[in-house]
Amino acid sequence: MNNIIGQPLNRVDGRLKVTGEAQYTADIPIEKLTYGVIFQSAIAKGKVLTIDTTQTLAVPGVIDIITYDQTPNLINIPFIPTPTPPKKDDNIYHYGQPLGIVIAETLEQAEYGASLVKITYEVATPTVTMAQALPEVFEPESIFFGIMPGKITRGDIELGKTQAEIFIEQVYSTPMEHHNPLETSATIAIWEGDNLTIYETTQGISGTQKRLAGVLKLPLENVRVISKYLGGGFGCKALLRSHTILAAIASRQVQRPVKVVLTRSQMYTACGYRSQTHQELTLGATKQGQLTLIKHIGTSLTSIFDDFVEPVGAATTMIYACPNLEVKYRLARINAGTPTFMRAPGEAPGMFALESAIDELAYALNIDPIEIRLQNHADINPQTGLPWSSKSLKQCYQKGAELFGWSQRHPTPRSIQDGNFLIGWGMASATFPTHSMSATVKVEIFATGEVSVQTGTQDIGTGTYTVMTQVAAEALGLSSQPVQFSLGDSNLPTAPVTGNSITVASVSPAVHQAATAAREKLIQMAIADSNSQLYGCQITDISVELGQIFLKSEPSRRDSYTEILQRHGLESLVVTEATSPNPESKQYSQHSFGAVFVEVAVDELLGEVKVRRCIGVYSAGRILNTKTARSQVIGGITWGIGMALMEKTVMDMNSGKIIGANLSDYLIPVHADIPSMEVQFIEEHDPHVNVLGTKSLGELPIVGVAAAIANAVYHATGKRIRDLPITPDKLL
């Protein structure tokens, strides 16, 4: 059989994207389309007193206006649909809270109409900072929708204190951050009788379908969600948002299709964010560097009306073999929207704190940062006691150090200088869990030689179209050309949300199983057919290549998919298969790992930090496409550089308004900020995670980057920055 899995196949949707033929949500051509513009609260706390729409309705082209009191409660959109009817709520909980929608014939008319809506408020003083919120901090019993406990312990912290000969006790903090995908969120809603079709920017078509049906009180089969291409999501497009509901309600009211496209500034208030975190971290160790205790208390912020915890201690529980541990979460409320998942939720900010503290411990003990990590390497998951399904973290350290030239490192801070620049080296570990969910795939092989593979997953720009084509092609013994992989439609077989790095681990086994079942069905048809050259052969003696079935011992005896179907008078063969996570996998702890090494140059006069070199080495199971995987890693590391040096959302302390809700003031890396990167993967065979041995990758490469840079900055300057981002004012 052909070995196409793992090859650096070009993106099958690449030509469509570079030529502009790929249609994103806002590009879909719809007849009789109208435009919706959402108007939002201009205060962060108080009540709505009146909404005057007189001037808006007088604007030529304005068709209608719908205010918040005519819609479901857009604040408490259920994560899981409930039959409880939403109640009208006049309260304002955050700046930018959606209060209604204007529908017009053109976008310009809708925008102008929305600008004329007059709202009067009863204004109250908002709570917008961590300091303001901390007096009413509380400890949640569980986090992440009840999936994780609010407090995790093992061993005896007090015993760990008595055993420790050195302590690192520090506070690390990360700011509020926003996702900023290239494509802003958008919806086109179309009603045909009682049936609703939604073109949507979503990372989860099935979840959007279920939740939207629940909010609108519709049977599930009456709602269809389509999302063929997504210009990034990173978590902010994972859940149902208010603009989708408003578009659907508006379309039903005006009896015409309605398009809603959020502005960049609206993305900062309507689609979630990563919460600010305040992390108290204590490490205790012997003089030889053996950890005796880890205590990690993470405080994050949430909205007034909902609980969302940034799980900063998720990796702390499993990354090092420390016998005594306590991880605890605290939550405080501010007048802002609810935070949400953002690439590597928990691990990205949490590992900044932990890996910075481990580096501080290494310096305090005069032990090499890699060596102290190796000393405390966890050979099994220390929290669960389970063996790893696979783990190549030591190999990541070794390969990364070799490529970087770590052995040449001078450990003393401020020991390397290049003109006005202080040079520093730093490194950190990376990890992210591997999860999977159920998925269903339909494979149809046509007598023309073409193959259709269908499932309701999403491609958020990471290459799902491509890697699933490769999996199907290899299982069928075909090249990639005849395989047409379809996704992004809730009418297709169900697949899970694209988030938490689960798509490859969930969908690729289902694609493999369905394609394999289709191949074996055709082989069975051939060996049972007296007109086939393979009649009477054993299935174990048969192999497949380029759509040809042949006898291994006598390759001239062969048959083809096309001939088999044509002889049987079939236009096609259809197979649908569903997969679920392997129950035996629960006997193992499943994680991907990595190590990142960076060199920074710090301008001693200006305090400016420049990343000069970056090497990332990762062990993430079987890599389905080395080219798309490398792109994933480059994107993650780039984001990590932004997290370390630039990204920070600023809220006005008095009004609760987000300042600089745009891509001019909210700084993200550009090409000039990013060095040449070297990315390598450790070849890893994991028979336990799934049939293909695929593990999580998408979120892994952002983890550890901020810590590696902070550690390198310390090595360069002797200044330890524990509050991100690392900006010139903190170094000067």
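What this report covers is the structure whose coordinates are included nearby. All values derive from a computational prediction rather than experimental measurement. (Residues numbered from 1 in each chain as written. Predicted model: local features only at pLDDT ≥ 70, side-chain atom pairs only at ≥ 80, totals over all residues. Heavy atoms only, no water.)

## Observations regarding the pattern of salt bridges
Applicable threshold: For salt bridges, the criterion is a side-chain nitrogen of Lys or Arg within 4 Å of an Asp or Glu carboxyl oxygen. Here a helix means four or more residues in a row that DSSP labels H or I, a strand means two or more in a row labelled E, and each is numbered from the N terminus. Three labels apply to residues, based on accessible area from a 1.4 Å probe with only protein chains included: buried if under 20% of the type maximum, exposed if over 50%, partly exposed otherwise in between.
Per the stated rule, a full pass over the model turns up 26 salt bridges. Among the ionic pairs, E474 bridges to R622, the shortest N-O distance being 3.6 Å. Here E474, found in helix α12 (residues 464-476), pairs with R622, found in the loop between β28 (609-619) and α15 (626-645); they are 148 residues apart in sequence, far enough to count as distant. Classification of E474 by relative accessible area gives buried; the value is 13%. On the basis of relative accessible area, R622 is assigned to the partly exposed category, the value being 31%. Taken together, the shared-partner salt bridges in this structure form one network comprising E177, R274 and E310.

## Digging into the pairing of strand β2 (residues 46-52)
Note the threshold: Strand pairing is defined by DSSP finding a minimum of two bridges between the two strands.
Direction of pairing for β2 relative to strand β4 (residues 91-92): antiparallel, over a ladder of two bridges. Pairing of G46 across the sheet is with I92, part of β4.

## Regarding the packing of α15 against helix α16 (residues 705-717)
Here is the rule we go by: Helix axes are fitted only over the stretch in contact, all axes being lines through C-alpha atoms; the angle between N-to-C directions runs from 0 to 180 degrees. Should an angle fall under 35 degrees it is taken as roughly parallel, and over 145 as roughly antiparallel, whereas 65 to 115 is taken as roughly perpendicular and any remaining angle as oblique. By definition, turning the near helix anticlockwise from the far helix through less than a right angle yields a left-handed crossing, and turning it clockwise yields a right-handed one. Here a residue-residue contact requires only that any non-hydrogen atoms of the pair lie within 4.5 Å.
With their axes 8 Å apart at the nearest point, α15 and α16 run at an angle of 55° to one another. When the axes of α15 and α16 are compared, the pair comes out oblique. Crossing geometry of α15 relative to α16 is assigned as right-handed. Side by side, α15 and α16 meet where I637, G640, I641, M643, A644 and L645 of the first sit next to V705, A706 and I709 of the second.

## As for the sheet that holds strand β1 (residues 34-40)
Across the sheet, seven strands lie side by side as β3-β5-β1-β14-β11-β12-β13; this open sheet has mixed pairing. Every other strand in the sheet has two partners, leaving β3 (62-67) and β13 (223-226) as the edge strands with one partner each. Shown here is a sheet whose adjacent strand axes are inclined to one another by a mean of 20°, direction ignored. With four bridges joining them, strand β12 (residues 195-200) and β13 adopt parallel strand pairing. In the sheet register, Y199 faces β13, and the bridge partner there is I226. Sheet strands in contact with helix α6 (residues 205-216) are β11 (186-192), β12 and β13, and its direction is about 145° off that of β13. Sitting on the sheet, helix α7 (residues 242-254) touches β1, β3, β5 (98-104), β11, β12 and β14 (258-261), and the angle it makes with β11 is about 35°.

## Notes on the packing of aromatic side chains
Here is the rule: Stacked, edge-to-face and tilted labels apply to pairs of Phe, Tyr and Trp rings (six-membered ring for Trp) whose centres lie within 6.5 Å, assigned for plane angles under 30 degrees, over 60, and everything in between, in that order. Should the NZ of a Lys or the CZ of an Arg lie within 6 Å of a ring centre and within 35 degrees of the ring normal, that charge is described as sitting over the ring.
By the definition in use, this model includes 19 aromatic pairs. Among the aromatic residues, those joined into a cluster by ring pairs are F144, F145, F308 and F341. Lying across the ring of F421, R612 places its NZ or CZ 5.8 Å from the centre. Directly above the aromatic system of W425 lies the positively charged group of R613, at a separation of 5.4 Å from the ring centroid.

## Looking at unusual backbone geometry
Most peptide bonds are trans, and most residues other than glycine sit at a negative phi. Cis geometry marks the peptide bond from L724 to P725; its omega dihedral reads -5°. Locating P725 in the fold gives a position in the loop between α16 and α17 (728-731). Backbone geometry places N366, a non-glycine residue, at a positive phi of 60°. Looking at where N366 falls in the secondary structure, it is placed in the loop between α9 (347-365) and α10 (369-375).

## Side note on the environment of E563
Here E563 shows up in helix α14 (residues 561-567). Considered as a pair, E563 and K648 are 85 residues apart in the sequence and their alpha carbons are 61 Å apart.

## Concerning the sheet that holds strand β23 (residues 542-545)
Spatial ordering of the open sheet is given by β23-β24-β25, a layout of three strands whose pairing is antiparallel. Edge positions in the sheet fall to β23 and β25 (554-560), since each of these pairs with one other strand and no more. On average, adjacent strands in this sheet sit at an angle of 35° to one another, irrespective of strand direction. One ladder, built from four bridges, connects strand β24 (residues 548-551) with β25; its direction is antiparallel. Looking at the pairing, I549 lines up with D559 of β25. Across the sheet, helix α13 (residues 503-527) touches β23, β24 and β25, and the angle it forms with β23 is around 120°.

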